[in-house]
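Chain by chain, the residues:
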Amino acid sequence: MTPETSYFATRLATDEVDLLAAQRLRYRVFVEELGGDGLLVDHQGRFERDEFDPVVDHLVLVDNRRSRDDLDHVVGVYRLLPGERAEAFGRFYCDSEYGLAPLRASGRSLLELGRSCVDPAYRGGSGMFLMWNALADYVLARGIEILFGVASFHGTDVQALAQPLSWLHHHHLAPAAIRPRARPDGFRRMDLIPAEQLDRRAAMTGMPALIKAYLRLGGMVGEGAWLDRAFNTTDVFLMVDTKAMSEKHRKFYETRQGQ
């Protein structure tokens, strides 16, 4: 364990303080940094929240050097919604943006990932590695077969995102049998540039780090992007089939399972 990681802990939010700290972090990132908003956002208290918060698991990254009393101790968060819990609740978050019938019909064990964010001071460090390890444990313990969620590009000008969106469409489109499609109210085409005219360097430069991380795990995208004007983002549907991961990452998961 490095000196840096010794200060960190990962866990499912254990109490109201963890949850409030996660919502405070989400406010700093999604509202103050990225300009988002929502019906249940508490601007006075600086909490980003919605109707899914009571039914999901919040996987949090905690820096034990920071103040719990000030709700400052959560520096990373992932929101996790298992398929059976979404069925009982009535929907996934992604249902508002994408048609998920192909995934539901697959019979596979599903887990929706959402509201992923990290405090700016911790991006690119070892904290995210710890978060991925904790997510791997969660996936293995529940026999999850498909991870999915929406990942966001900042802004709603799709032409400015033509290179990365087109790269995703031409190189990482999910098989038709399990491919969700963006709903008509926010649908935007992703095949904006012909495959032969793509610039890989420009596409990767414009690709958010989280999306690139999913692609390294064998990530695939749905059909079309969806404009989320409330959050000032262009969203793409990302999924990872845990059975189709690269051998390198499959061995990583199996190693975790054996510990």
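Please read these numbers as outputs of a predicted model, since none were measured by experiment. (Residues numbered from 1 in each chain as written. Predicted model: local features only at pLDDT ≥ 70, side-chain atom pairs only at ≥ 80, totals over all residues. Heavy atoms only, no water.)

Q: Which residues make up the overall build of the chain, and what values do they have?
A: Summing up its helical and strand segments, the chain has eight helices and eleven strands in all. Its C-alpha radius of gyration of 18 Å places the chain within 12% of the 18 Å reference for a compact globule of 259 residues. With respect to the three principal axes, the spread of C-alpha positions in the chain is 50 × 45 × 40 Å. Relative to its 259 residues, the chain shows a buried fraction of 51%. Of the contacts formed within the chain by residues at least 6 apart in sequence, a portion of 78% connects residues at least 24 apart. Roughly 12,100 Å² of accessible area belongs to the chain as shown, and the carbon and sulfur atoms make up 52% of that amount. Positive and negative side-chain charges of the chain, numbering 32 and 36 respectively, have mean locations separated by a distance of 4 Å. (Helix = DSSP H or I, 4+ residues; strand = E, 2+ residues; numbered from the N terminus. Rg over C-alpha atoms; globule rule 2.2 N^0.38 Å. Buried < 20%, exposed > 50% of the residue type's maximum accessible area, 1.4 Å probe, protein only. Contact = heavy atoms within 4.5 Å. Areas by Shrake-Rupley, 256 points an atom, 1.4 Å probe, with all protein chains shown as cover. Lys, Arg positive; Asp, Glu negative; His and termini not counted. Charge placed at Lys NZ, Arg CZ, Asp CG, Glu CD.)

Q: Please set out the environment of Val 150 residue by residue, giving values where relevant.
A: Along the chain, Val 150 falls in strand β6 (residues 146-154). Its relative accessible area of 21% is what places Val 150 among the partly exposed residues. In this structure the C-alpha to C-alpha distance between Val 150 and Tyr 78, which are 72 residues apart in sequence, comes to 12 Å. Leaving out residues up to four positions away in the same chain, Val 150 has contacts with Tyr 93, Cys 94, Glu 97, Tyr 98, Leu 113, Asp 235 and Val 236.

Q: An account of the packing of aromatic side chains is needed here, citing residue identities and associated values.
A: Within the structure shown, the criterion is met by eight aromatic pairs. Seen in terms of ring centroids, Phe 8 and Tyr 122 are 5.9 Å apart; in terms of plane orientation they differ by 65 degrees. Their pairing is edge-to-face. Taken together, the residues span a long stretch of sequence, with Phe 8 in strand β1 (residues 8-12) and Tyr 122 in the loop between β5 (110-118) and α4 (127-142) at a distance of 114 residues. You can call Phe 8 buried: its relative accessible area is 9%. Since its relative accessible area comes to 12%, Tyr 122 is described here as buried. What links up through ring pairs into an aromatic cluster is the set Phe 92, Tyr 98, Phe 148 and Phe 237. (Phe/Tyr/Trp six-rings, centres within 6.5 Å; stacked < 30°, edge-to-face > 60°.)

Q: Could you give an account of the pairing of strand β2 (residues 57-63), with specific residues and numbers?
A: Most of β2 is tucked away, with seven of its seven residues classed as buried. Neither face of β2 is exposed, since Asp 57, Leu 59, Leu 61 and Asp 63 on one face and His 58, Val 60 and Val 62 on the opposite face are all buried. As paired strands, β1 and β2 are joined by five bridges and run antiparallel to one another. Bridge pairing links Leu 12 to Leu 59 in β2. Alignment of β2 against strand β3 (residues 74-82), held across six bridges, turns out to be antiparallel. Residue pairing in the sheet places Leu 61 in a bridge with Gly 76 of β3. (Pairing = 2+ DSSP bridges.)

Q: So what about helix α5 (residues 162-172)? Which residues, and what values?
A: Summarising burial for α5: eight of the eleven residues are buried, a large majority. Buried within α5 are the following residues: Ala 162, Gln 163, Pro 164, Leu 165, Ser 166, Trp 167, Leu 168 and His 169.

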